[in-house]
Structure formats: C-alpha cells, structure tokens
Number of protein chains: 2
Amino acid sequence: MASLGLACVRLCAGLTGRHAVPCLRSLRYLSGMTVSQIDEEVAKLLQLKAQLGGDDGKHTFVLKTAKGTRDYNPKQMAIREKVFNTIISCFKRHGAETIDTPVFELKETLTGKYGEDSKLIYDLKDQGGELLSLRYDLTVPFARYLAMNKITNIKRYHIAKVYRRDNPAMTRGRYREFYQCDFDIAGQYDPMIPDAECLKIVYEILSELDLGDFHIKVNDRRILDGMFAVCGVPDDKFRTICSTVDKLDKMPWEEVKNEMVKEKGLSEEAADQIGEYVSMQGGMDLAERLLQDPKLSQSKQACAGLTDMKQLFSYLQLFQVTDKVVFDLSLARGLDYYTGVIYEAVLCQTLQPPTPAPAEQNGAVSGDEAGVSVGSVAGGGRYDGLVGMFDPKGRKVPCVGVSIGIERIFSIMEQKAELSAEKVRTTETQVLVASAQKNLLEERLKLTAELWNAGIKAEVLYKKNPKLLTQLQHCEETGIPLVAILGEQELKDGVVKLRNVATRDEVDVSRAELVEEIKKRTSES
Amino acid sequence: MASLGLACVRLCAGLTGRHAVPCLRSLRYLSGMTVSQIDEEVAKLLQLKAQLGGDDGKHTFVLKTAKGTRDYNPKQMAIREKVFNTIISCFKRHGAETIDTPVFELKETLTGKYGEDSKLIYDLKDQGGELLSLRYDLTVPFARYLAMNKITNIKRYHIAKVYRRDNPAMTRGRYREFYQCDFDIAGQYDPMIPDAECLKIVYEILSELDLGDFHIKVNDRRILDGMFAVCGVPDDKFRTICSTVDKLDKMPWEEVKNEMVKEKGLSEEAADQIGEYVSMQGGMDLAERLLQDPKLSQSKQACAGLTDMKQLFSYLQLFQVTDKVVFDLSLARGLDYYTGVIYEAVLCQTLQPPTPAPAEQNGAVSGDEAGVSVGSVAGGGRYDGLVGMFDPKGRKVPCVGVSIGIERIFSIMEQKAELSAEKVRTTETQVLVASAQKNLLEERLKLTAELWNAGIKAEVLYKKNPKLLTQLQHCEETGIPLVAILGEQELKDGVVKLRNVATRDEVDVSRAELVEEIKKRTSES
C-alpha cells in the first residue's frame, strides 16, 4: 500500500495546483511510513522538483552526493594514503597477496549470508539482465572466489569499498559506502597458528598507527555455545541470547539481563549463571581455570574452545603480544558464520567526534564498518563453514581473518591532523619553477621539462607573466620547499637561483648541478 | 509487452512441468527481443533454476561473477600495482593531488551528460530513498565535485572503477566494470599551457610503461566545426557528421563517405570537401598552412582553433615531445562536452589478444574504457562548459584532462608477462623461517616474530612439523629468495643457517646479525 501512495505523491509533484485535492487524499496511504522513509521521500520529491524547474523557471540541480556517502578531498586522501600504506606494509610483511572482486555480485551470492541485515543490501535495478546487488562485505565475495577457483590455500588482503543501506551516523565515521580492509588466511593448518598471526597483525597495525592505547578481546564461539548450554539456555535460543550478550559493551548487566529474561523469556537462574561467566576476563590462566570449572567442563564444545584458547595464548606469548590481549567471555560478535575464535580490538581512549548526535543512539551495530561496537577498530574470527556454502559438493575450506575498521581510523587521524600544528601536504612537489621578470614563460617551461625528465617533482604556474609574489605564495600554501628562479641574468650566467621557501635563503646553482642539488636538499628534509 | 512476456517465462521456470503449455504460449511476447536480451534472460532463468534446486534436488549456486565483470587474481593484482605505481608517480611528479567520489551518484547528476550512451548507465533499484546510478565516468563526478565545493582551481588525478551496461568484449580488455585513470587541470589560465602538460603526461606514461612505439593525434573541436561549416554541412548535422568522421580509424574513407551521403543525407560535394581535409596530417606547419587556406580561414572558429594549435605545438617543442604528436584533422572524439583541443594516443603495434571474436565487430566505441578506438590507450581534451552545467548560476570553470586506458594497458602487460620467462611474484616475502627437524614450531614462531618486529618480510609454514622439502618448495613456488633454517645445533650455537634458494648456498649467521644480513642480501637483488 505504501508504495502505491508514494507513486501517487510522486505523480502529484509533477502536476499543477489543481490536483491538490486527490494528492491530499492519497496521504492516507502514507500512514505506515517511518520518519526516515518520509525524509527520504521528501528528498526525492525536492529532487524531482528541482529537475522540473525551480521557482525562477530555471533548470537547477540538487548538488549533493547520495545519502550516507561523501567525497574525499585532497587532504583526506593524503591521510587515507598514509593509513593504507601502513596497513598494506604490514600485510606484505606477513607475506600476503591481494585480490580484487567486482563491486556487485549476483544477488543470490549474497542471499542467506547476513541474516536480518540482508535488508540493508543495495540491489541494482532489473534492467533486463542478471539480478545484481552491491557487495555488503569482502568476506562473502572472498568465499565465492575461493569456491569458484577451487583454491584451498591462500593468505590474501583486500581493501575495497562495501555498501550498506543503513541509517548512517556520519559524525561517528559511519557511512553507507565505506572501506573494508580485510586480511584472511584460508587453508587446513595446525590449530591456532594462523589465528595467532591475525592477532599479531592487529597488534602491529594499531601500534604503528599510533592511535593510543588499545586492547584486543578474544573469545571463542564454542566457549559461548558451551556456556549457554551449561547455563540452561535452550538450543533454539543460543543465537538470540548471544546477540543480547553482544550488547554488554554498551549496556550495563542489569539491562542485558532484563532483555534476556523479559524480552527473550530466559529463566532468571540461567541469566544469573550467564552473568557470572560473562564478567570473567583473563589470559591463559583463565582458560586453565575454566577447564577445571565443574559446570563448564561438562561441555565438550567449551573444552575444545578452552584448549585452543590455551594454545592461542602460548603462540601469542612467542609473538610478544599478550600485554594487549584479554580472554573476555562477554565478547560475542554478531555474525552467524563464525565457528571458532573471535576477537575485537578496542581503543582505550577514543578522541570523541565533535557532535555525537543523540539521534544515532538507536543505530544498529550492523552499520559499522567492521561490524564492531563503539570504540572498536578491528574485529574478526574463524569461519570454517562459509566457503563450503558455495562449493557444489560442500567442500570446506577453513578460514580465519580480520577486518580493520578503517573509516573510524580515518576519522581519528583526521581529528589528530586538525589538532596538530603540522600542515598536511596534498602534493609532493619538490620545486616550483618561477621567474622574477616578464616574458620568460618559454624558459620556465623548458626548465620544468628538464626537471620532470630527471624525475624531479616540479610545478610551474600556467600564466605567461605571474608575479613573483604569487609564485612564492603558491609555495607557502601547498608546502613546496624550493623555488628555482629564472631571470635574464641567471640565463646569461647559466645558473638558477635556488630559494629555500622556509628560510628565504637563495643561492645560485649551475644549471648542470641543479637536479643533484634539488635531490640532495629534498632527501634531507 | 516484452517485459510482460519475460515475467511470465520467469514465473514458469519456477513451476513444474504441467505448466509447459501456457509457457510456450507466452513466447509470442518475446518476439521483440535481441539475441543479447535472450541470452541474459536465459542466464537469469538458469540462475533461478539453480536457486530452486538442481536435478538432484540439492540447493546449488551459480558460481560466477556478474556478466562483464571479473575477479583479479594475485598475479593480475601484482601487474596492476606496477602499472598504477608508474602512472601515479607521473601524476605526482606533475604536482597533482587526488580525490575520491562515491561509486554512485544521484541519478539526475548523470542525466543529460552522455547523449545516447545514457542507456548504458546502471541504475540502483528504488528501495525507498534517493534515485541513484553507478558512475559512468570520472569526469562528470569531478565536475559535480568542483561545482558543489565552489572550487575554481585544481590539478587532480582520480583512479577508480566506472560502470557501463555495454556488451562486453572481454577478450579485448573491455568490461562492464573497469578502471579509469584520469588527470585533469581546472582553472582559468593562459591558453594551451595546461593542455600541453596533459600531452606531456601521456608521453611520459606511455614511454615509461614501455608498451612499444606510439603516437598522439591532436585536433580541436573548433577546427572540426569550422571545417564542417565551410564544407557546407548544415548546422544541425555537425554532431552526426562528426560521429561518422570518428569512424575513420576503423573504416576506409569510401565507407565513411557512403554513410555521410546515403545515411545522413549530406551532399556529395560537401562529403568530398570533408574528405580532402580529413586526410591531412602534420605538425605546426600544417596549422600555419591551414590558417592561409582560402576556405577554412573564412571560419572564425577554425582560425581560433588553428592559432591555439600553433601555440600548443610551440609548447610541445619546449617539452620535447613533438616526435610523437601529430595534428590529424580526422580525429573527432565522440563525447559532446569537448569544447577545444582533443587528443588520443594510439599504440603503433599492439600485441593482439588471443581470440579477437568476430561478434564484437559491432561493438560501439562507447564501451571502451576511455571512449577511444581500437589500439588507442589514452584520450582526452578540453571541456570548458561541463562544470557550469552543475553550477546554480552557470559559472564556468575551464577544464582540460586526459584519461589513461588502463584496462587495455593491463591486458598488454599481462600478455607480456605471459610471454616473458620472468615469473611474476605476488608476494614480497624476503625470507621463510624453516626447520629441518621436528618439534621446533615454537622456535620458528619466535624467530619469525623477531624478523617481523625488525621490519623484515617473513613467512613461516602453519604446520607443527613441516618437511624441509615442503618448506623449500614453497620458496621456489612463490619466489622467496632466502630461507632461515633452525635446528638443534643452530639453536645451541646461537646461529641460523641462511640459505640462498637460487644458488643453494648455506652459511651460518649469528642471530644478532641475521636482520642486517637479510637486509643486505635482499637490497642487492
């Protein structure tokens, strides 16, 4: 019904005033709409109005990007490049290859992989071809890629944009289009070795990006399931109780318990027992203690998870990262496809975004770049069953991986850059070729080409007779460190006046030695 | 009607055999379809069939990427990275910044920019929000970005994927999802200086990529229009005659003339006069000669274009690139938005793809990555009016730019890599940490972490007790040059056996000196 009503309103907008009455009548169709749907319809109508011509009868455009998306300006791109370089260096240090997949997949490739969140998938219009959807994450396309190419062993990273029709909270670095930055190890290996490497990678990246103190929570799907079983949670309530536990980082225990008992119908006793376990945090010692726990040790699953947890911690000790890793029984990541160890990295003190709008308090965790909660900047785990969902014979390829919450990291780095006195350069230009006198454009172009040919990053103003001051100001504004100044005298003498923009020192350098001198000066800085 | 028929067939596919008769009856609806539409419908039906369950009643998937798209495997990614690095270095050498825009835009942002090719735009499904389309190129989003942010001066590059619902000819490196690689200079400057820099950039990139000999054709929209005017082409036929001239690189003059006269109703005399002009090629001399041409010099527009062409060549001489640049009156690029100089770079001898399918002979130029013809690898021109289309007050920002046809370059580089004896490495790992004996996993992990912490790119096999041969084979397969071998004796002596994989030389290196030794050896190679 709602869509009929919308179609009618849309039609009305294109017509003149005499249709006002049927238009108003059609509003009864709109009763089922949410506030956000109404906002979107209003935006669509305004868009249409603009297309039909504004009040002045002129054709105008709505000049904006699509809801929940943004452009990156050169400064943001400079920061983005720096962050990517740090992350990619780490992935390469660990011997990873990279792949790329298309931005859209057959709709059915994504079907049945994301549970309730499937409603957030962007579909393409049926224009007479295959039914397509924009990718929702990089993990499902990765699993499709492995199954399609019958690959059973790979260590790969993939950095690309994914799409979710979520209600964006852009002030917190959450968008409908955002980067994911995934590292995964696929293959049948001895337990916990690749899992430990994933944690080592998170540790290295967060340390190198210098985002402040952090810790990495670790748990295991099997420990969670075993815990639910011994606490008396009925089998069919594991998933829903698990998603309630997942809220413990945002809600106090009392509220979580309330939701379990009142909304989800769990017995008070079961909830209290869960409450005891989920308050536990520790390291290898906790895993050892829980293996002796009279109740939990009754669960085979839990014991398998706890034994692996001990093994994991022994490898983490060898990797020297246990100072930041916490075995935390309250960690319960949302995604259905995890089968073993799960983890999440949290910054201890996040720089707060300027205006945390209260409206976004109702935002679902799903909209987040890595499916992680507020303050968390990386997450992942083991998913041994996903590739098998794509294989015609159901052959499994065990996988473990991590996704870096890159959008939140960008936001933090941008804030740091704004607070810092240091200016972010958006170009790498080493020298501006300038002149102090008129009619030297040709000489400037010739020298610039000489520098380009020698591999020097050089600029020249595209004006016949720019003022020297204009040329120097361009250097100040864009951070170019050197100016090569040409004049009649310099041309006669076969030299160039090389000026240091910061110190204003000038020296004559012979044309033959100019390239070497520029290289020397810019490698120093 | 066709869509009703399709809906019916789609429905039938989901039902059982007893519906065979109405299904066949509905085929009369299909009469208006093209072969390609039928192919797509068949694909859709097979997809649906698979979803419903195959003959064995099991749920299976169609394991493929969307039509016209592809995954990049690690080897392709390694080649792609190399090409991008060369191109980005060049853009940075010329002082360019970079920006990024979302993969989709408001539908109306793209409306009215691409003429007939608009039918190739991918629309997103209306899921209750704004009407969105996938970007078709990077130029229109760039113009939108400039108008939206009131930017009047920028030199930027943008490398990203764009989308066209074309009939892909994938053997020739043409896809529905493909990269564009654009460099543009926006701003009010003295004539032809930024234009000359764009040509210099094409020259540098094609030289550095070492794709074989090439030349760059140059012409000017105003010269074309002036030529049409003085040859007696009616004003309203300029665009359509222009698009016929554009076919001269694929068709002989006789066929082009035929199309002008028989299909487009031009007089034989006018066509013959055009024929004389479009056979002309030269350099600055040709521009000078044509400025004296009794007919062409009657056109103010043509004279303005020819005067600028002379100026352009004088700058190209200073940039030392005239050996590859040809003023060619037959060059007539398709896009409507060009207002001045246009250019296109063509490889002289392209490596031919394995199977040039005859079916793609009808392929429109539009499907090409840079809108360029077969053999061409870069193209662009001046578009002074596009930004004004987005500005509410119509304020113009003059622009000139170039798009590198990166997909074709990838294809050529891939073929070169296949023909070459040298193996393409997909990782950068410098050393594998191995052991010759059992029970040394912990020692291997510890040493690997030491190397990672020192910035060495290191791998270790995820097995408790891998065979030495397996470890050495992994190095051979992936091109890892060094192996650091641990054994009981080495541990006792505080050394590591460092093996050169190629020469099989082994030397003991003290643990303290290992990092330096690896760095020394891998910087040499």
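Calculation rules
- Residues numbered from 1 in each chain as written.
- Chains lettered and ligands numbered in written order.
- Predicted model: local features only at pLDDT ≥ 70, side-chain atom pairs only at ≥ 80, totals over all residues.
- Heavy atoms only, no water.
- Helix = DSSP H or I, 4+ residues; strand = E, 2+ residues; numbered from the N terminus.
- Buried < 20%, exposed > 50% of the residue type's maximum accessible area, 1.4 Å probe, protein only.
- Contact = heavy atoms within 4.5 Å.
- Areas by Shrake-Rupley, 256 points an atom, 1.4 Å probe, with all protein chains shown as cover.
- Pairing = 2+ DSSP bridges.
- Axes fitted to C-alpha atoms, helices over the stretch in contact; angles between N-to-C directions.
- Least-squares fit on C-alpha atoms with pLDDT ≥ 70 in both.
- Left-handed = near helix turned anticlockwise from the far one by under 90°.
- Nonpolar A, V, L, I, M, F, W, Y, C, P; charged D, E, K, R; others polar.
- Phe/Tyr/Trp six-rings, centres within 6.5 Å; stacked < 30°, edge-to-face > 60°.
- pLDDT = per-residue confidence, 0-100.
- 1 Å grid on protein atoms, 1.4 Å probe; cavity = no way out; pocket = protein on both sides within 12 Å on 5 of 7 lines; lining within 4 Å.
- Points joined across faces, edges and corners; volume = space filled by probe spheres on them.

Colleague: Tell me what's going on with the overall build of chain A, and back it up with residues and numbers.
Modeller: A count of helices and strands for chain A gives 18 helices and 16 strands. Taken over 525 residues, chain A has a buried fraction of 56%. Put simply, 70% of the contacts in chain A that link residues at least 6 apart link residues at least 24 apart. Accessible surface for chain A amounts to roughly 22500 Å². Of this, 52% is attributable to carbon and sulfur atoms.

Colleague: Give me the sheet that holds strand S15 (residues 495-500) of chain A: which residues, what numbers.
Modeller: Hydrogen bonds along the backbone pair up the strands of a sheet, which may run parallel or antiparallel. Residues and elements named next belong to chain A. Taking strand neighbours across the sheet as the criterion, the five strands line up as S13-S12-S14-S15-S16 in an open arrangement whose pairing is mixed. With partners counted over all chains shown, the strands left at the sheet margins are strand S13 (458-460) and strand S16 (506-510), one partner each. For this sheet, the mean angle separating the axes of adjacent strands, direction not counted, is 30°. Inspection of the sheet shows strand S12 (residues 431-435) paired to strand S14 (residues 482-486) by five bridges, in the parallel sense. Considered in S14, the bridge of Leu 432 is made with Val 483.

Colleague: So what's going on with the relation of the copies chain B and chain A? Which residues, and what values?
Modeller: Superposing the two chain copies requires a rotation about an axis and a translation along that axis. It takes a turn of 180° to lay chain B on chain A, together with a shift of 0.0 Å along the axis; the resulting RMSD is 0.0 Å. Both copies are brought into coincidence by an operation consistent with a two-fold rotation axis. Both copies present the same face, since 100% of the interface residues in chain B are matched by interface residues at the equivalent positions in chain A.

Colleague: Give me the side chain of B:Lys200: which residues, what numbers.
Modeller: Checked against the element boundaries, B:Lys200 lands in helix H7 (residues 193-209). On the accessibility criterion, B:Lys200 (2% relative accessible area) is buried. Setting aside chain neighbours within four positions, we find B:Lys200 in contact with A:Ala449, A:Trp452, A:Asn453, B:His94, B:Phe319 and B:Val321.

Colleague: So, the packing of helix H8 (residues 221-230) of chain B against helix H13 (residues 300-318) of chain B: which residues are in play, and what are the values?
Modeller: All names here are of chain B. Relative to each other, H8 and H13 sit at 145°, their axes nearing to 7 Å. The handedness of the crossing between H8 and H13 is left-handed. Only Gln 301, Ala 302, Ala 304, Gly 305, Leu 306, Asp 308 and Met 309 of H13 make contact with H8, whose side of the interface consists of Arg 222, Ile 223, Asp 225 and Gly 226. Counted by class, the contact of H8 with H13 contains five nonpolar, three polar and three charged residues.

Colleague: Tell me what's going on with the packing of aromatic side chains, and back it up with residues and numbers.
Modeller: Residues and elements named next belong to chain A. Scanning the entire structure with this criterion turns up 28 aromatic pairs over all chains. With 5.6 Å between their ring centres and 55° between their planes, Tyr 337 and Tyr 383 make a pair best called tilted. Of this pair, Tyr 337 sits in the loop between strand S8 (325-328) and strand S9 (341-347) while Tyr 383 sits in the loop between strand S10 (376-382) and strand S11 (399-404), and the two are 46 residues apart along the sequence. With a relative accessible area of 2%, Tyr 383 lands in the buried category.

Colleague: Describe the pairing of S8(A), and please don't skip the residues or the numbers.
Modeller: As a general feature of sheets, a regular strand has side chains that alternate between the two faces. All names here are of chain A. With burial as the criterion, each face of S8 is covered, one bearing Val 325 and Phe 327 and the other bearing Val 326 and Asp 328. Of the pairings in the sheet, the one linking strand S6 (residues 214-220) to S8 comprises three bridges and is parallel in character. Bridge pairing in S8 places Lys 217 opposite Val 326. As paired strands, strand S7 (residues 281-282) and S8 are joined by two bridges and run antiparallel to one another. Looking across to S8, one finds that Gly 282 is bridged to Phe 327.

Colleague: How would you explain the confidence of the model for chain A if you had to name every residue and give the values?
Modeller: All names here are of chain A. Per-chain confidence: chain A averages 86 in pLDDT, with 82% of residues scoring 70 or above. Ignoring residues within four places in sequence, the model shows residues 1-31, a span with pLDDT below 50, making 21 contacts including any to other chains. A low-confidence stretch, residues 351-374 (pLDDT under 50), is modelled with 59 contacts involving residues beyond four sequence positions or located in other chains. At the level of chain-chain contacts, confidence expressed as ipTM amounts to 0.83, with global pTM at 0.84.

Colleague: Could you give an account of empty space enclosed by the protein, naming the residues involved and the relevant values?
Modeller: In this approach the atoms are scanned with a rolling probe the size of a water molecule, which exposes any empty space left behind. Taken as a whole, this structure holds four cavities of 30 Å³ or more when the rule is applied. Of the pockets and cavities examined, the largest cavity occupies roughly 100 Å³. For the lining of the largest cavity, the per-class residue count stands at three nonpolar, three polar and six charged.

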